[in-house]
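# Close look at the chain arrangement
Take a look at the letters that make up each chain.
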Amino acid sequence: MSISQEKVIIVGAGIIGLMTALELLEQGYQVEIFDQSTAASAASWAGGGILSPLYPWKYAAAVNQLAQYGKRRYLAWNEKLQPYTGMDFEIEQVGLCIFDQDQYAQALNYHQEFHEPEQIAYLLEDEALKRVNPHLAKDSAIYFPQLANIRNPRLVQSILKYLHTHKNVVIHQHNAITKLLTTAQRITAVEDHTGQHHHADQYVIATGAWTDILLQQFDLKYDIHPIHGQMVLYKTPEKWLPTICMNKTMYLIPRRDGHIVCGSSTSDFGFDTGLHDDISQNIIEASLTLVPELARFPIVKQWAGLRPASPQGIPKIGRMQDMTNLWLNAGHYRNGLVMAPASARLLVELMQGKTPFVDARPYQCG
């Protein structure tokens, strides 16, 4: 294994930046992380945590190429970090039911066509469906028994706890990087909002929806922009809802302790993270259409986050054009959590000049 003694600055402490930090630490790098806000407080905290793209057959192969590693990589990281943090990511293989009948044929054939055994699916009807999930108001579904969700707030809390105690990591929260200083084709430092300069050997941009803003100085535009996603949280008895449920891109995700995350919308409101009453009502109505009994339980929280949308949802991963030490890992849109472990590994392998474990060409930043 090639071990580096270099220092890397990561701009952005969402799940993409945090997973990149973990991979760099495994290779011996020194890591310094900057975030304009509280670490992992944006889309990484706000998301649902399904460890699969929603309707993977609708996405480009490049998205699924990375997403297929999400579950197994998180299981491995959970086993590694838990002794240090005492925290469990709560990866729950509860399975997923989808009710979009126009998607049934593609759903049933996807795992065989694309050789993804985790996506094996079955058509369940009537009593067979009730045995899997008795609370549904539907009489048929496509059931994916191997699909899981991860409790993303616990995931990022565990990673941050591990990083805060690691001797090779420094984390700066509420410290925005506003400028990248260059000489010829190299970054020489980053400048924060106070005017202070910070130096490293390599620099990684993992700023999600804010990426195009930071890169304006290079006259680059990757069309990475914010898409507002709103969520509603119910509280039911522990393990009350047995499966994830999804219909017309709306989903219900059960947590181990009985919380059920319901969402999610996709609206172009710029950088607005406010709650919208009409969107809340749409989510509630969609949820109750699938699981009418949910009306008996309280709504305990609502929130919104900003997804980093990009063309076809394909992230940019790799060295930026014309710069020898500037790297990009951004633009994962709705699938940042499930793609994060593979994205981080790919970036670090490219940084080290290794042959990447997946085809890196779809993510090139040139």
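Residues numbered from 1 in each chain as written. Predicted model: local features only at pLDDT ≥ 70, side-chain atom pairs only at ≥ 80, totals over all residues. Heavy atoms only, no water.

This part is about the overall build of the chain. Helix and strand counts for the chain stand at 10 helices and 19 strands. On C-alpha atoms alone, the chain measures out to a radius of gyration of 21 Å, which is about the 21 Å that the 2.2 N^0.38 rule sets for 366 residues. Each principal axis of the C-alpha atoms in the chain carries an extent, and together these give about 65 × 40 × 40 Å. For the chain, with 366 residues in total, the buried portion stands at 59%. Restricting the contact set of the chain to residue pairs at least 6 apart, pairs at least 24 apart contribute 72%. For the chain, the computed accessible surface area is about 15,200 Å², with 48% contributed by carbon and sulfur atoms. Treating the 30 positive side-chain charges of the chain as one cloud and the 35 negative ones as another, the clouds have centres 4 Å apart. (Helix = DSSP H or I, 4+ residues; strand = E, 2+ residues; numbered from the N terminus. Rg over C-alpha atoms; globule rule 2.2 N^0.38 Å. Buried < 20%, exposed > 50% of the residue type's maximum accessible area, 1.4 Å probe, protein only. Contact = heavy atoms within 4.5 Å. Areas by Shrake-Rupley, 256 points an atom, 1.4 Å probe, with all protein chains shown as cover. Lys, Arg positive; Asp, Glu negative; His and termini not counted. Charge placed at Lys NZ, Arg CZ, Asp CG, Glu CD.)

Another aspect to go through is the sheet that holds strand β12 (residues 202-205). Within the open sheet, the 6 strands sit side by side as β8-β2-β1-β12-β19-β18. Their pairing is mixed. Lying at the two open borders of the sheet, with one neighbouring strand each, are β8 (169-172) and β18 (316-319). Adjacent strand axes in the sheet meet at a mean angle of 15 degrees when their direction is disregarded. Two strands pair when backbone bridges link them, and β18 and strand β19 (residues 326-330) are joined in this way by 4 bridges, in the antiparallel orientation. Pairing of K316 across the sheet is with A330, part of β19. (Pairing = 2+ DSSP bridges. Axes fitted to C-alpha atoms, helices over the stretch in contact; angles between N-to-C directions.)

A word on the environment of Q82. Within the secondary structure layout, Q82 lies in helix α4 (residues 70-85). In this structure, the C-alpha to C-alpha distance between Q82 and M19, residues 63 residues apart in sequence, is 15 Å. With residues up to four places along the chain from it excluded, the contact list for Q82 reads M87 and D88.

Moving on to the nonpolar core. Ranked by size, the top nonpolar core spans 57 residues in total, and within it I15, I33, Y74 and L163 carry the most contacts. Considering each element in turn, this core owes the most residues, 10 residues, to helix α10 (residues 336-351). Leaving out residues up to four positions away in the same chain, I15 has contacts with S44, Y74, L155, V156, I159, G336, L337 and A340. (Core = buried A, V, L, I, M, F, W, Y, C linked by side-chain atoms within 4.5 Å.)

Glancing now at the packing of helix α1 (residues 15-26) against α10. The interhelical angle for the contact between α1 and α10, taken along N-to-C directions, is 45 degrees, at an axis separation of 8 Å. With respect to α10, the axis of α1 lies oblique. Pair α1 / α10 crosses with right-handed handedness. The segment α1 lies against α10, with I15, I16, M19, T20, E23 and L24 engaging G336, L337, A340, P341, A344, R345, L347, V348 and M351. (Parallel < 35°, antiparallel > 145°, perpendicular 65-115°, else oblique. Left-handed = near helix turned anticlockwise from the far one by under 90°.)

Taken together, the 8 strands give an open sheet; going across it, the order is β5-β6-β4-β14-β15-β16-β13-β17, and neighbouring strands pair in mixed fashion. The outermost strands of the open sheet, each flanked by one partner alone, are β5 (122-125) and β17 (299-309). On average, each strand axis in the sheet is inclined to that of its neighbour by 25 degrees, with strand direction left out of account. Pairing between strand β4 (residues 96-98) and strand β6 (residues 140-144): 3 bridges, direction antiparallel. The residue of β6 that forms the bridge with I98 is I142. Against the sheet, helix α9 (residues 277-290) contacts β13 (225-235), β14 (244-247), β15 (250-254), β16 (259-263) and β17, and its axis sits at roughly 50 degrees relative to β13.

Where helix α5 (residues 104-113) is concerned, the buried positions are Y104, A107, Y110 and H111. Down the axis of α5, the buried set is contained in an arc of 125 degrees. They therefore lie on one face. Every exposed residue of α5 that faces more than 90 degrees away from the buried side is listed here: A105, Q112 and E113. Of the residues trailing α5, H115 is marked for its positive phi of about 55 degrees. (Arc of directions from axis to C-beta.)

Mapped onto the secondary structure, H228 falls in strand β13. Among the polar contacts listed, one links the side chain of H228 to the backbone oxygen of G274, at a separation of 2.8 Å. (Polar contact = N/O pair within 3.5 Å; in protein donor to acceptor, adjacent residues only side chain to side chain.)

Our focus in this paragraph is the packing of aromatic side chains. Using the criterion set out here, one finds 10 aromatic pairs in the structure. Here the aromatic rings of W57 and F144 are separated by 6.3 Å at their centres, their planes lie at 15 degrees, and the arrangement is stacked. Placement of W57 in the loop between α2 (43-46) and α3 (61-67) and of F144 in strand β6 is noted, with a sequence separation of 87 residues between them. The same class applies to W57 as to F144, namely buried. In this structure an aromatic cluster arises from ring pairing among Y55, W57, Y110, F114 and F144. The ring of F357 carries the charged tip of R345 above its face, separated from the ring centre by 4.0 Å. (Phe/Tyr/Trp six-rings, centres within 6.5 Å; stacked < 30°, edge-to-face > 60°. Lys NZ or Arg CZ within 6 Å of the ring centre and 35° of its normal.)

Turning to the environment of R345, a few remarks are in order. Structurally, R345 can be placed in helix α10. Exposure remark for R345: the relative accessible area of 27% places this residue in the partly exposed category. For the pair R345 and V358, spaced 13 residues apart in the sequence, the C-alpha separation amounts to 9.8 Å. If we ignore the near neighbours within four places in the chain, the residues touching R345 are E23, R73 and F357.

Turning to the pairing of β8, a few remarks are in order. Side-chain alternation along β8 places V169 and I171 on a buried face and V170 and H172 on a face that remains uncovered. Where strand β2 (residues 30-34) and β8 come together, 4 bridges link them in parallel fashion. Considered in β8, the bridge of I33 is made with I171.

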